[in-house]
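Single-letter residue listing:
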Amino acid sequence: MASHGTAHIGTPGGRLTARLTPGVTRETGPGPYPVTGSAPAAASAVPPAQVRRDMRLFWCAGTCDALGSQMSGLVLPLLLLSLGQTPAEVGAVAGLCAAATLVLGPFAAVPADRGARKQVMVGAALVSAAAMTGVALAVRSGAVPLAVLIGAVLVERSATSCYEAASLGTVALVCPPEQHRRVLSRLQAGERGALVLGPALGGMLFQAGRWLPFLADALSYAVAAGCIRALRTELSPPREQRPAGSPRRTWRAAAAEAGAGVALIRREPLLRLALGWLSAVNALLVALYYTTVFALQGSGAAGPGLVLALAGAAGLAGALLAPRLAGRRSPTRVLVAVSWLMVPPAAALAAARDAWQFGLLFGLLCLLTPLATVALQARIIQVTPPGLQARTGTVLATASGAAAALAPALAGLAADRAGPATTLVGCAVLLAAVALHATWAAPALTRRTEEEPV
(Lines give C-alpha, C1' and ligand atoms only; values in the text may rest on other atoms or scores of the structure.)
Protein backbone atom coordinates (compact mmCIF):
# COMPACT_ATOMS: atom_id res chain seq x y z
CA MET A 1 0.00 0.00 0.00
CA ALA A 2 2.62 2.46 1.15
CA SER A 3 0.92 5.64 0.22
CA HIS A 4 -1.56 7.48 2.38
CA GLY A 5 -2.72 10.07 -0.03
CA THR A 6 -0.10 10.56 -2.65
CA ALA A 7 0.89 11.71 -6.00
CA HIS A 8 4.07 9.92 -6.60
CA ILE A 9 7.48 10.98 -7.60
CA GLY A 10 10.67 9.06 -7.16
CA THR A 11 12.77 6.12 -8.12
CA PRO A 12 11.74 2.54 -8.93
CA GLY A 13 10.82 0.77 -5.77
CA GLY A 14 10.15 3.94 -3.82
CA ARG A 15 8.08 7.08 -3.94
CA LEU A 16 8.43 10.62 -2.85
CA THR A 17 4.94 11.59 -2.09
CA ALA A 18 2.65 14.58 -2.29
CA ARG A 19 -0.34 14.34 0.01
CA LEU A 20 -3.23 16.31 -1.21
CA THR A 21 -5.99 17.88 0.70
CA PRO A 22 -8.35 20.65 0.07
CA GLY A 23 -10.31 23.99 0.77
CA VAL A 24 -14.07 24.65 0.35
CA THR A 25 -16.72 23.62 -2.15
CA ARG A 26 -20.32 22.74 -2.76
CA GLU A 27 -20.86 20.02 -5.31
CA THR A 28 -24.17 19.56 -7.03
CA GLY A 29 -23.23 17.38 -9.95
CA PRO A 30 -21.05 17.60 -13.02
CA GLY A 31 -21.03 21.38 -12.96
CA PRO A 32 -18.29 23.77 -11.81
CA TYR A 33 -16.69 23.55 -8.35
CA PRO A 34 -15.53 26.80 -6.76
CA VAL A 35 -12.10 26.85 -5.13
CA THR A 36 -10.82 28.87 -2.24
CA GLY A 37 -7.38 29.26 -0.73
CA SER A 38 -8.24 28.03 2.76
CA ALA A 39 -7.73 24.68 4.40
CA PRO A 40 -10.57 22.97 6.25
CA ALA A 41 -11.46 24.76 9.44
CA ALA A 42 -11.80 21.47 11.31
CA ALA A 43 -8.04 20.95 11.32
CA SER A 44 -7.29 24.21 13.13
CA ALA A 45 -9.99 23.48 15.76
CA VAL A 46 -8.32 20.24 16.89
CA PRO A 47 -6.48 20.50 20.27
CA PRO A 48 -2.65 20.49 19.85
CA ALA A 49 -2.19 17.35 21.95
CA GLN A 50 -4.67 15.48 19.76
CA VAL A 51 -2.92 16.75 16.62
CA ARG A 52 0.42 15.37 17.83
CA ARG A 53 -1.12 12.05 18.82
CA ASP A 54 -3.02 11.59 15.58
CA MET A 55 -0.06 12.58 13.41
CA ARG A 56 2.14 10.05 15.24
CA LEU A 57 -0.49 7.38 14.55
CA PHE A 58 -0.80 8.41 10.92
CA TRP A 59 3.00 8.41 10.52
CA CYS A 60 3.19 4.96 12.13
CA ALA A 61 0.48 3.65 9.80
CA GLY A 62 2.24 4.95 6.70
CA THR A 63 5.74 3.87 7.70
CA CYS A 64 4.77 0.35 8.81
CA ASP A 65 2.66 -0.08 5.71
CA ALA A 66 5.46 1.11 3.43
CA LEU A 67 7.97 -1.18 5.16
CA GLY A 68 5.74 -4.21 4.67
CA SER A 69 5.04 -3.33 1.04
CA GLN A 70 8.75 -2.95 0.29
CA MET A 71 9.50 -6.33 1.88
CA SER A 72 6.86 -8.28 -0.02
CA GLY A 73 7.28 -6.28 -3.23
CA LEU A 74 10.93 -7.34 -3.46
CA VAL A 75 10.30 -11.06 -3.06
CA LEU A 76 7.05 -11.55 -4.99
CA PRO A 77 8.80 -11.69 -8.41
CA LEU A 78 11.39 -14.05 -6.91
CA LEU A 79 8.60 -16.31 -5.63
CA LEU A 80 6.86 -16.39 -9.01
CA LEU A 81 10.12 -17.18 -10.79
CA SER A 82 10.86 -19.98 -8.30
CA LEU A 83 7.45 -21.46 -9.11
CA GLY A 84 8.48 -21.82 -12.75
CA GLN A 85 6.95 -18.67 -14.21
CA THR A 86 8.79 -16.93 -17.01
CA PRO A 87 9.88 -13.27 -16.75
CA ALA A 88 7.20 -12.39 -19.30
CA GLU A 89 4.51 -14.03 -17.13
CA VAL A 90 5.80 -12.25 -14.03
CA GLY A 91 5.65 -8.96 -15.92
CA ALA A 92 2.09 -9.71 -17.02
CA VAL A 93 1.05 -10.28 -13.41
CA ALA A 94 2.65 -6.99 -12.40
CA GLY A 95 0.85 -5.18 -15.21
CA LEU A 96 -2.48 -6.73 -14.25
CA CYS A 97 -2.03 -5.62 -10.64
CA ALA A 98 -1.12 -2.10 -11.78
CA ALA A 99 -4.21 -1.95 -14.00
CA ALA A 100 -6.45 -2.95 -11.08
CA THR A 101 -4.95 -0.16 -9.00
CA LEU A 102 -5.50 2.47 -11.70
CA VAL A 103 -9.10 1.45 -12.43
CA LEU A 104 -10.52 1.25 -8.91
CA GLY A 105 -8.93 4.33 -7.34
CA PRO A 106 -11.24 7.00 -8.82
CA PHE A 107 -14.37 5.11 -7.79
CA ALA A 108 -13.12 4.45 -4.25
CA ALA A 109 -12.47 8.18 -3.87
CA VAL A 110 -16.19 9.00 -4.16
CA PRO A 111 -17.35 7.46 -0.84
CA ALA A 112 -14.27 8.95 0.86
CA ASP A 113 -15.29 12.44 -0.28
CA ARG A 114 -18.82 11.72 0.95
CA GLY A 115 -17.63 11.17 4.53
CA ALA A 116 -16.59 7.49 4.70
CA ARG A 117 -12.82 8.09 4.61
CA LYS A 118 -11.93 6.27 7.84
CA GLN A 119 -14.28 3.35 7.15
CA VAL A 120 -12.85 2.82 3.66
CA MET A 121 -9.25 3.05 4.91
CA VAL A 122 -9.71 0.63 7.80
CA GLY A 123 -11.76 -1.82 5.74
CA ALA A 124 -9.31 -1.79 2.84
CA ALA A 125 -6.33 -2.30 5.16
CA LEU A 126 -8.02 -5.31 6.79
CA VAL A 127 -8.86 -6.81 3.40
CA SER A 128 -5.23 -6.37 2.34
CA ALA A 129 -4.07 -7.99 5.58
CA ALA A 130 -6.36 -10.96 4.99
CA ALA A 131 -5.17 -11.35 1.39
CA MET A 132 -1.48 -11.28 2.33
CA THR A 133 -2.14 -13.70 5.19
CA GLY A 134 -3.64 -16.05 2.61
CA VAL A 135 -0.53 -15.70 0.45
CA ALA A 136 1.71 -16.43 3.45
CA LEU A 137 -0.30 -19.55 4.40
CA ALA A 138 -0.33 -20.81 0.83
CA VAL A 139 3.43 -20.39 0.48
CA ARG A 140 3.97 -21.94 3.93
CA SER A 141 2.00 -25.04 2.97
CA GLY A 142 4.41 -25.73 0.11
CA ALA A 143 1.79 -26.17 -2.62
CA VAL A 144 1.03 -22.77 -4.09
CA PRO A 145 -1.67 -22.82 -6.79
CA LEU A 146 -0.77 -20.02 -9.16
CA ALA A 147 -4.40 -18.95 -9.60
CA VAL A 148 -4.86 -18.63 -5.83
CA LEU A 149 -1.65 -16.64 -5.50
CA ILE A 150 -2.50 -14.23 -8.32
CA GLY A 151 -6.07 -13.87 -7.06
CA ALA A 152 -4.88 -12.97 -3.56
CA VAL A 153 -2.38 -10.44 -4.89
CA LEU A 154 -5.08 -8.86 -7.08
CA VAL A 155 -7.38 -8.54 -4.06
CA GLU A 156 -4.56 -6.93 -2.09
CA ARG A 157 -3.72 -4.46 -4.86
CA SER A 158 -7.39 -3.58 -5.37
CA ALA A 159 -7.87 -2.94 -1.66
CA THR A 160 -4.66 -0.92 -1.65
CA SER A 161 -5.96 1.36 -4.40
CA CYS A 162 -9.12 1.97 -2.35
CA TYR A 163 -7.04 2.75 0.74
CA GLU A 164 -4.77 5.15 -1.10
CA ALA A 165 -7.68 6.98 -2.71
CA ALA A 166 -9.51 7.33 0.59
CA SER A 167 -6.42 8.50 2.47
CA LEU A 168 -5.99 11.58 0.28
CA GLY A 169 -6.69 14.67 2.33
CA THR A 170 -5.98 13.20 5.75
CA VAL A 171 -3.13 15.59 6.56
CA ALA A 172 -5.22 18.76 6.21
CA LEU A 173 -8.03 17.25 8.26
CA VAL A 174 -5.69 16.26 11.11
CA CYS A 175 -3.22 19.15 11.43
CA PRO A 176 -3.44 22.95 10.99
CA PRO A 177 -2.00 24.64 7.87
CA GLU A 178 1.14 25.97 9.56
CA GLN A 179 2.27 22.38 10.23
CA HIS A 180 1.64 20.97 6.75
CA ARG A 181 5.21 21.20 5.43
CA ARG A 182 6.76 19.69 8.55
CA VAL A 183 4.24 16.85 8.73
CA LEU A 184 4.44 16.08 5.03
CA SER A 185 8.24 15.97 5.14
CA ARG A 186 8.17 13.51 8.03
CA LEU A 187 5.71 11.30 6.21
CA GLN A 188 8.01 11.29 3.20
CA ALA A 189 10.99 10.52 5.43
CA GLY A 190 9.18 7.52 6.89
CA GLU A 191 8.46 6.11 3.45
CA ARG A 192 12.04 6.81 2.34
CA GLY A 193 13.35 4.99 5.38
CA ALA A 194 11.12 2.04 4.50
CA LEU A 195 12.56 2.10 0.99
CA VAL A 196 16.07 1.79 2.42
CA LEU A 197 15.30 -0.89 5.03
CA GLY A 198 12.42 -2.82 3.43
CA PRO A 199 14.26 -4.65 0.61
CA ALA A 200 17.07 -5.72 2.96
CA LEU A 201 14.63 -7.05 5.56
CA GLY A 202 12.53 -8.72 2.87
CA GLY A 203 15.60 -10.48 1.47
CA MET A 204 16.62 -11.76 4.90
CA LEU A 205 13.12 -13.00 5.70
CA PHE A 206 12.88 -14.68 2.30
CA GLN A 207 16.07 -16.58 3.03
CA ALA A 208 14.69 -17.73 6.39
CA GLY A 209 11.34 -18.74 4.89
CA ARG A 210 9.65 -17.80 1.64
CA TRP A 211 6.38 -17.09 3.42
CA LEU A 212 7.76 -14.72 6.08
CA PRO A 213 7.88 -11.48 4.00
CA PHE A 214 4.19 -11.90 3.14
CA LEU A 215 3.29 -12.48 6.78
CA ALA A 216 5.23 -9.34 7.69
CA ASP A 217 3.31 -7.40 5.04
CA ALA A 218 0.00 -8.72 6.43
CA LEU A 219 1.02 -7.55 9.91
CA SER A 220 1.93 -4.12 8.54
CA TYR A 221 -1.58 -3.78 7.09
CA ALA A 222 -3.09 -4.80 10.42
CA VAL A 223 -0.97 -2.17 12.21
CA ALA A 224 -2.05 0.46 9.67
CA ALA A 225 -5.73 -0.43 10.20
CA GLY A 226 -5.31 -0.20 13.98
CA CYS A 227 -3.58 3.17 13.79
CA ILE A 228 -6.21 4.67 11.49
CA ARG A 229 -8.99 3.24 13.64
CA ALA A 230 -7.42 4.89 16.70
CA LEU A 231 -7.42 8.40 15.16
CA ARG A 232 -9.66 10.72 17.14
CA THR A 233 -9.93 13.42 14.52
CA GLU A 234 -12.93 13.32 12.21
CA LEU A 235 -11.51 12.30 8.81
CA SER A 236 -14.29 13.90 6.80
CA PRO A 237 -15.00 17.51 5.86
CA PRO A 238 -17.97 19.20 7.57
CA ARG A 239 -21.29 17.90 6.34
CA GLU A 240 -22.10 21.15 4.53
CA GLN A 241 -18.85 20.85 2.53
CA ARG A 242 -19.40 17.26 1.37
CA PRO A 243 -20.58 16.58 -2.17
CA ALA A 244 -24.35 16.39 -2.49
CA GLY A 245 -26.03 13.75 -4.57
CA SER A 246 -29.30 12.02 -5.10
CA PRO A 247 -29.60 8.39 -3.94
CA ARG A 248 -31.13 7.60 -7.34
CA ARG A 249 -28.41 8.42 -9.85
CA THR A 250 -27.76 7.26 -13.37
CA TRP A 251 -24.48 5.69 -14.40
CA ARG A 252 -23.62 8.90 -16.22
CA ALA A 253 -24.02 10.92 -13.03
CA ALA A 254 -21.87 8.39 -11.15
CA ALA A 255 -19.18 8.57 -13.83
CA ALA A 256 -19.27 12.38 -13.76
CA GLU A 257 -18.92 12.32 -9.99
CA ALA A 258 -15.94 9.96 -10.19
CA GLY A 259 -14.35 12.23 -12.81
CA ALA A 260 -14.93 15.48 -10.94
CA GLY A 261 -11.25 15.61 -10.01
CA VAL A 262 -10.27 15.71 -13.68
CA ALA A 263 -12.67 18.62 -14.27
CA LEU A 264 -11.18 20.56 -11.37
CA ILE A 265 -7.61 20.02 -12.57
CA ARG A 266 -8.54 21.23 -16.05
CA ARG A 267 -9.82 24.51 -14.57
CA GLU A 268 -7.14 25.24 -11.98
CA PRO A 269 -3.69 26.36 -13.28
CA LEU A 270 -1.86 25.28 -10.12
CA LEU A 271 -3.25 21.77 -10.34
CA ARG A 272 -2.43 21.58 -14.05
CA LEU A 273 1.15 22.63 -13.29
CA ALA A 274 1.35 20.04 -10.50
CA LEU A 275 -0.04 17.32 -12.78
CA GLY A 276 2.46 18.05 -15.53
CA TRP A 277 5.45 18.53 -13.25
CA LEU A 278 4.85 15.45 -11.11
CA SER A 279 4.17 13.21 -14.11
CA ALA A 280 7.14 14.46 -16.16
CA VAL A 281 9.70 14.43 -13.35
CA ASN A 282 8.49 11.08 -12.04
CA ALA A 283 8.80 9.49 -15.49
CA LEU A 284 12.20 11.08 -16.17
CA LEU A 285 13.66 9.95 -12.84
CA VAL A 286 12.49 6.40 -13.51
CA ALA A 287 13.95 6.58 -17.03
CA LEU A 288 17.24 7.89 -15.65
CA TYR A 289 17.40 5.03 -13.16
CA TYR A 290 16.72 2.31 -15.69
CA THR A 291 19.18 3.83 -18.13
CA THR A 292 21.74 3.83 -15.32
CA VAL A 293 21.03 0.12 -14.80
CA PHE A 294 21.61 -0.46 -18.53
CA ALA A 295 24.90 1.43 -18.33
CA LEU A 296 26.00 -0.67 -15.32
CA GLN A 297 24.89 -4.03 -16.68
CA GLY A 298 28.45 -5.37 -16.56
CA SER A 299 28.69 -4.83 -12.79
CA GLY A 300 26.01 -7.36 -11.85
CA ALA A 301 23.55 -6.56 -9.07
CA ALA A 302 26.06 -4.66 -6.94
CA GLY A 303 26.08 -1.54 -9.14
CA PRO A 304 22.31 -0.91 -9.28
CA GLY A 305 22.05 -1.88 -5.61
CA LEU A 306 24.56 0.80 -4.66
CA VAL A 307 22.70 3.38 -6.76
CA LEU A 308 19.40 2.53 -5.05
CA ALA A 309 20.99 2.65 -1.58
CA LEU A 310 22.53 6.07 -2.18
CA ALA A 311 19.32 7.36 -3.78
CA GLY A 312 17.24 6.13 -0.85
CA ALA A 313 19.55 7.69 1.72
CA ALA A 314 19.64 11.00 -0.19
CA GLY A 315 15.86 11.03 -0.53
CA LEU A 316 15.51 10.42 3.21
CA ALA A 317 17.85 13.35 3.92
CA GLY A 318 16.00 15.57 1.44
CA ALA A 319 12.64 14.80 3.04
CA LEU A 320 13.95 15.64 6.51
CA LEU A 321 15.59 18.86 5.33
CA ALA A 322 12.75 20.04 3.09
CA PRO A 323 10.93 22.29 5.62
CA ARG A 324 14.18 24.01 6.64
CA LEU A 325 15.63 24.43 3.15
CA ALA A 326 12.38 25.40 1.47
CA GLY A 327 11.50 27.52 4.50
CA ARG A 328 8.62 29.91 3.95
CA ARG A 329 9.50 30.56 0.34
CA SER A 330 6.89 30.67 -2.38
CA PRO A 331 6.14 27.13 -3.64
CA THR A 332 6.43 28.19 -7.27
CA ARG A 333 9.85 29.72 -6.65
CA VAL A 334 11.01 26.51 -4.98
CA LEU A 335 9.59 24.50 -7.88
CA VAL A 336 11.45 26.58 -10.48
CA ALA A 337 14.72 26.49 -8.54
CA VAL A 338 14.59 22.72 -8.02
CA SER A 339 13.65 22.13 -11.66
CA TRP A 340 16.80 23.93 -12.87
CA LEU A 341 19.06 22.41 -10.20
CA MET A 342 18.09 18.91 -11.39
CA VAL A 343 19.40 19.50 -14.91
CA PRO A 344 23.21 19.50 -14.26
CA PRO A 345 23.38 16.20 -12.30
CA ALA A 346 21.08 14.55 -14.85
CA ALA A 347 23.37 15.67 -17.69
CA ALA A 348 26.48 14.61 -15.75
CA LEU A 349 25.13 11.04 -15.57
CA ALA A 350 26.11 10.68 -19.23
CA ALA A 351 29.78 11.13 -18.26
CA ALA A 352 29.68 8.79 -15.21
CA ARG A 353 31.70 5.60 -15.43
CA ASP A 354 31.28 3.60 -12.22
CA ALA A 355 28.52 2.83 -9.73
CA TRP A 356 29.72 5.38 -7.18
CA GLN A 357 29.56 8.21 -9.70
CA PHE A 358 26.11 7.16 -10.88
CA GLY A 359 24.93 6.75 -7.28
CA LEU A 360 26.16 10.14 -6.09
CA LEU A 361 24.63 11.97 -9.06
CA PHE A 362 21.35 10.12 -8.81
CA GLY A 363 21.34 10.69 -5.07
CA LEU A 364 21.65 14.42 -5.69
CA LEU A 365 18.50 14.26 -7.81
CA CYS A 366 16.66 12.42 -5.04
CA LEU A 367 17.91 14.96 -2.50
CA LEU A 368 16.41 17.83 -4.50
CA THR A 369 12.97 16.48 -5.35
CA PRO A 370 11.50 16.50 -1.80
CA LEU A 371 12.11 20.24 -1.60
CA ALA A 372 9.77 20.83 -4.52
CA THR A 373 7.17 18.21 -3.64
CA VAL A 374 6.75 19.33 -0.02
CA ALA A 375 6.37 22.99 -1.06
CA LEU A 376 4.03 22.12 -3.94
CA GLN A 377 1.80 19.80 -1.97
CA ALA A 378 1.44 22.33 0.85
CA ARG A 379 0.04 24.80 -1.68
CA ILE A 380 -2.21 22.15 -3.24
CA ILE A 381 -3.68 21.53 0.21
CA GLN A 382 -4.86 25.12 0.26
CA VAL A 383 -6.56 25.23 -3.13
CA THR A 384 -8.31 21.85 -3.48
CA PRO A 385 -11.87 21.73 -2.10
CA PRO A 386 -12.67 19.28 0.73
CA GLY A 387 -15.40 17.59 -1.29
CA LEU A 388 -12.94 16.80 -4.09
CA GLN A 389 -9.78 15.97 -2.19
CA ALA A 390 -9.75 12.23 -2.75
CA ARG A 391 -10.80 12.39 -6.40
CA THR A 392 -8.34 15.15 -7.29
CA GLY A 393 -5.47 13.42 -5.53
CA THR A 394 -6.31 10.14 -7.24
CA VAL A 395 -6.04 11.81 -10.64
CA LEU A 396 -2.60 13.22 -9.78
CA ALA A 397 -1.40 9.89 -8.39
CA THR A 398 -2.76 7.92 -11.33
CA ALA A 399 -1.20 10.23 -13.91
CA SER A 400 2.24 10.19 -12.30
CA GLY A 401 2.05 6.43 -11.76
CA ALA A 402 1.07 5.79 -15.37
CA ALA A 403 3.92 7.98 -16.60
CA ALA A 404 6.37 6.07 -14.42
CA ALA A 405 5.01 2.75 -15.72
CA LEU A 406 5.77 3.73 -19.32
CA ALA A 407 9.23 5.10 -18.57
CA PRO A 408 11.22 1.81 -18.32
CA ALA A 409 10.05 0.57 -21.71
CA LEU A 410 10.78 3.90 -23.38
CA ALA A 411 14.19 4.11 -21.69
CA GLY A 412 15.04 0.60 -22.83
CA LEU A 413 13.99 1.34 -26.40
CA ALA A 414 16.06 4.54 -26.46
CA ALA A 415 19.09 2.82 -24.94
CA ASP A 416 18.92 0.05 -27.54
CA ARG A 417 18.69 2.51 -30.41
CA ALA A 418 20.98 5.34 -29.27
CA GLY A 419 22.94 3.97 -26.30
CA PRO A 420 22.71 4.76 -22.56
CA ALA A 421 24.80 7.95 -22.70
CA THR A 422 22.64 9.55 -25.38
CA THR A 423 19.50 8.51 -23.53
CA LEU A 424 20.77 10.16 -20.35
CA VAL A 425 21.49 13.37 -22.24
CA GLY A 426 18.00 13.24 -23.75
CA CYS A 427 16.46 12.92 -20.27
CA ALA A 428 18.49 15.93 -19.12
CA VAL A 429 17.21 17.94 -22.10
CA LEU A 430 13.64 17.00 -21.20
CA LEU A 431 14.24 18.05 -17.60
CA ALA A 432 15.43 21.41 -18.93
CA ALA A 433 12.19 21.67 -20.92
CA VAL A 434 10.23 20.98 -17.71
CA ALA A 435 12.21 23.72 -15.96
CA LEU A 436 11.50 26.14 -18.81
CA HIS A 437 7.78 25.43 -18.59
CA ALA A 438 7.79 25.90 -14.81
CA THR A 439 9.69 29.18 -15.19
CA TRP A 440 7.16 30.41 -17.75
CA ALA A 441 4.08 29.29 -15.83
CA ALA A 442 5.09 30.29 -12.31
CA PRO A 443 4.78 34.13 -12.58
CA ALA A 444 1.33 34.02 -14.18
CA LEU A 445 0.23 31.41 -11.66
CA THR A 446 1.45 33.52 -8.74
CA ARG A 447 -0.44 36.56 -10.01
CA ARG A 448 -3.64 34.63 -10.62
CA THR A 449 -3.78 32.86 -7.25
CA GLU A 450 -2.28 35.76 -5.28
CA GLU A 451 0.09 33.21 -3.80
CA GLU A 452 1.90 33.94 -0.55
CA PRO A 453 4.38 31.84 1.47
CA VAL A 454 2.71 29.06 3.45
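Rules used throughout
- Residues numbered from 1 in each chain as written.
- Predicted model: local features only at pLDDT ≥ 70, side-chain atom pairs only at ≥ 80, totals over all residues.
- Heavy atoms only, no water.
- Phe/Tyr/Trp six-rings, centres within 6.5 Å; stacked < 30°, edge-to-face > 60°.
- Buried < 20%, exposed > 50% of the residue type's maximum accessible area, 1.4 Å probe, protein only.
- Axes fitted to C-alpha atoms, helices over the stretch in contact; angles between N-to-C directions.
- Helix = DSSP H or I, 4+ residues; strand = E, 2+ residues; numbered from the N terminus.
- Parallel < 35°, antiparallel > 145°, perpendicular 65-115°, else oblique.
- Left-handed = near helix turned anticlockwise from the far one by under 90°.
- Contact = heavy atoms within 4.5 Å.
- Nonpolar A, V, L, I, M, F, W, Y, C, P; charged D, E, K, R; others polar.
- Expected span 1.5 Å × (residues − 1).
- Bend = angle between axes of the 7 residues up to and from the residue.
- Core = buried A, V, L, I, M, F, W, Y, C linked by side-chain atoms within 4.5 Å.
- Polar contact = N/O pair within 3.5 Å; in protein donor to acceptor, adjacent residues only side chain to side chain.
- Salt bridge = Lys/Arg side-chain N within 4 Å of Asp/Glu carboxyl O.

A. Quick look at the packing of aromatic side chains. Counted by the stated rule, this structure contains two aromatic pairs. Their ring planes at 80° and their centres at 5.5 Å tell us that Tyr 289 and Tyr 290 sit as a pair that is edge-to-face. Residue class for Tyr 290 comes out partly exposed when judged on its relative accessible area of 28%.

B. Layout of the packing of helix α2 (residues 48–82) against helix α4 (residues 146–167). For the pair α2 and α4, interaxial distance at closest approach is 13 Å and the crossing angle is 155°. The angle between α2 and α4 places the two elements in the roughly antiparallel class. In terms of crossing hand, the pair formed by α2 and α4 is left-handed. Between α2 and α4, the residues in contact are Ala 61, Leu 76, Leu 79 and Leu 80 and Leu 146, Leu 149, Val 153 and Tyr 163, respectively. The residue inventory of the contact of α2 with α4, partitioned by class, reads eight nonpolar, no polar and no charged.

C. Fine view of the environment of Val 223. By the secondary structure assignment, Val 223 is in helix α7 (residues 212–230). Residue Val 223 is classed as partly exposed on the basis of its relative accessible area of 36%. As for Val 223 and Ala 129, which are separated by 94 residues in sequence, their C-alpha atoms are 9.3 Å apart.

D. Quick look at helix α6 (residues 180–208). An ideal rise of 1.5 Å per residue puts 42 Å on 29 residues; α6 measures up with 41 Å between its terminal C-alpha atoms. The axis of α6 is deflected most strongly, by about 35°, at Leu 197, and proline Pro 199 appears within four residues downstream.

E. Just the nonpolar core, in detail. Ranked by internal contacts, the top residues of the largest apolar core, which has 58 residues, are Leu 288, Met 342, Leu 349, Phe 362 and Leu 365. Contributing elements (two or more residues each) for this core: α9 (260–267), α10 (269–295), α11 (302–326), α12 (331–341), α13 (343–348), α14 (355–383), α15 (389–418) and α16 (420–449). Ala 125, Val 183, Leu 187 and Ala 390 belong to the second-largest nonpolar core, a separate cluster that totals 32 residues.

F. Molecular detail of the side chain of Thr 291. Its location among the elements puts Thr 291 in helix α10. Residue Thr 291 is classed as buried on the basis of its relative accessible area, which comes to 0%. Within polar-contact distance, the side chain of Thr 291 engages the backbone oxygen of Ala 287 at 2.6 Å. Leaving out residues up to four positions away in the same chain, Thr 291 has contacts with Ala 411, Pro 420, Thr 423 and Leu 424.

G. Expanded view of the pattern of salt bridges. Taken as a whole and judged by the stated rule, the model has two salt bridges. Measuring nitrogen to oxygen at the nearest pair gives 3.8 Å for the salt bridge that ties Glu 156 to Arg 157. The exposure class assigned to Glu 156 is buried, which follows from its relative accessible area of 5%.

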